[in-house]
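For reference, the chains in residue letters:
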Amino acid sequence: MSTLNSEAFVLLDQHILWSDMIGNIFGLAALALGWRRSLWSWPVQFLSGLILFGAFFGHLTGSAGKQAVVMAVALYGWWRWNRDRSGSADGHIAPRFATWRERAAMTGAAAAGTVAVALLFTAYPTLSWDPWPDAYIFVGTVVAMYAQAKGMVEFWFAWLLVDLVGVPLNFANGYAFSGFVYVIYGALVLWGMRDWWLRSRRGTRPALEGAPA
């Protein structure tokens, strides 16, 4: 793991680590596969979390902990998509919008979780470089991945909100490649959001009488 944590190159006066670069490339691939509703999105996301866990472990314990949670949710997503795709005509999960109750539950969990994690990070400063933004990204990532596992279109909105904080935070703390990747995440999120939105509308559109199935 020491090799992965060594410097790969310098870009715009930012020192890019191999682990930061490789882990985030896998994360980007996982998001692209999620857009395509591919089951492989989850093992790739798990691998990204594993590499980034190694990058953070030992000096940014809170970020390493976030990656451990990401890996756990990736396992849940793999199981959930395996189960749900069996009922779909094309072998992929069918995107849908969350109910208002689900939206309220996720919003409440995100708010309460952010406060709880930020207070934990504040009480133990070695866990995080910047408690409140880091807690926001931590919890927002988990909520986004949970919504993705459930096939909710809202998962793209959650990722977009994470990106708005993730880009400046990663640049400010020396993880430049993570910052660049979050910018690309933003573009993928917009395209993926449009695709899932349209698919969810087609899935709920009533069939015309006499039209072929």
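Scroll up for the structure.
Remember, it's a predicted structure, so these values are computed and weren't measured experimentally. Residue indices follow the written sequence of each chain, beginning from 1 at its first position. Owing to the predicted nature of the model, reporting of local features is limited to residues with pLDDT of at least 70; listing and counting of side-chain atom pairs is limited to 80 or more, with chain, interface and lining totals taken over all residues. Only heavy atoms go into the side-chain values, all of them from the structure, while hydrogens and water stay out.

(A) A look at the packing of aromatic side chains. The criterion for an aromatic pair is that two Phe, Tyr or Trp rings (for Trp, the six-membered ring) have centres within 6.5 Å, with stacked assigned to planes under 30 degrees apart, edge-to-face to planes over 60 apart and tilted to the rest. Within the structure shown, the criterion is met by 12 aromatic pairs. Seen in terms of ring centroids, W81 and W196 are 6.4 Å apart; in terms of plane orientation they differ by 40°. Their pairing is tilted. Here the residue W81 occupies a position in helix α3 (residues 61-84), and W196 occupies one in helix α7 (residues 176-204), the gap between them amounting to 115 residues. Residue classification places W81 among the buried positions, given a relative accessible area of 1%. Here F97 and W197 contribute two aromatic rings whose centre-to-centre distance is 5.2 Å and whose plane-to-plane angle is 85°, an arrangement assigned as edge-to-face. You can see F97 sitting in the loop between α3 and α4 (100-123) and its partner W197 sitting in helix α7, a full 100 residues away along the chain. For the exposure calls, accessible area comes from a 1.4 Å probe over protein chains only, and a residue counts as buried if that area is under 20% of its type's maximum, exposed if over 50%, partly exposed in between. F97 sits in the partly exposed class, given a relative accessible area of 29%. Judged by its relative accessible area of 35%, W197 falls in the partly exposed class. Aromatic rings pair up to connect W42, W81, F155, W156 and W196 into one cluster. Starting at the N terminus, helices and strands are each numbered in turn, a helix being any DSSP run of H or I of at least four residues and a strand any DSSP run of E of at least two.

(B) Focus on α4. Take the number of residues in a helix, subtract one, and multiply by 1.5 Å to get its expected span. Taking 1.5 Å per residue, 24 residues should reach 34 Å; α4 reaches 34 Å between its end C-alpha atoms and fits that length. Residues of α4 that are buried: M106, G113, T114, V117, A118 and F121.

(C) Geometry of helix α6 (residues 154-172). Over its 19 residues, α6 extends 28 Å from the first C-alpha to the last, a length consistent with the 27 Å expected when each residue adds 1.5 Å. The quantity called bend is, for any residue, the angle between two axes fitted respectively to the seven residues ending at it and the seven beginning at it. Along α6, the sharpest change in direction is near 30° and occurs at G166; proline P168 comes one to four residues later. If you check which residues of α6 are buried, you get E154, F155, W156, A158, W159, V162, D163, G166, V167, L169 and N170.

(D) Region of the structure containing unusual backbone geometry. Unusually for a residue other than glycine, R37 sits at a positive phi of about 60°. With respect to the secondary-structure elements, R37 resides in the loop between α1 (18-35) and α2 (41-56). Taking relative accessible area as the criterion, R37 reaches 6% and is therefore assigned buried.

(E) Main features of the nonpolar core. Here, the term nonpolar core denotes a set of buried Ala, Val, Leu, Ile, Met, Phe, Trp, Tyr and Cys residues that are joined through side-chain atoms within 4.5 Å. Grouped together as the largest cluster of nonpolar side chains are 40 residues, with contacts concentrated most on L31, W42, M145, F155, W156, W159 and W196. Those elements that provide at least two residues to this core are α1, α3, α4, α5 (131-149), α6 and α7. The element contributing the most residues to this core is α5, with nine residues. We call two residues contacting when some pair of their heavy atoms lies within 4.5 Å. For W42, the contacting residues outside a window of four places in its chain are V73, A74, G77, W78, W81, M145, Q148 and A149.

(F) The arrangement of the side chain of R80 in detail. Counting through the fold element by element, R80 comes out in helix α3. Using a relative accessible area of 14% as the deciding quantity, one classes R80 as buried. In this view, R80 contacts A149 and K150; residues no more than four positions away in its chain are not counted.

(G) Local environment of the environment of A29. As for its position among the elements, A29 is in helix α1. We classify A29 as partly exposed; its relative accessible area is 32%. Here the alpha-carbon distance between A29 and V44, two residues 15 residues apart in the chain, equals 7.2 Å.

(H) Looking closely at the packing of α5 against α6. Where α5 contacts α6, the axes come no closer than 9 Å and their chain directions differ by 155°. By the criterion of interaxial angle, the relationship of α5 to α6 is roughly antiparallel. Handedness of the crossing formed by α5 with α6: left-handed. The residues of α6 that touch α5, namely those facing P133, D134, Y136, I137, G140, T141, A144, M145, A147 and Q148, are F155, A158, W159, L161, V162, V165, G166 and L169. Asp, Glu, Lys and Arg are counted as charged, while Ala, Val, Leu, Ile, Met, Phe, Trp, Tyr, Cys and Pro are counted as nonpolar; the rest, among them Gly, fall into the polar class. Across the contact of α5 with α6, the residue classes tally to 13 nonpolar, four polar and one charged. Axes here mean lines fitted to C-alpha atoms, for a helix over just the part in contact, with angles spanning 0 to 180 degrees between N-to-C directions. We call two directions roughly parallel when the angle between them is under 35 degrees, roughly antiparallel when it is over 145, roughly perpendicular when it lies between 65 and 115, and oblique otherwise. In this scheme the handedness of a crossing depends on how the near helix is turned from the far one: anticlockwise by less than a right angle means left-handed, clockwise means right-handed.

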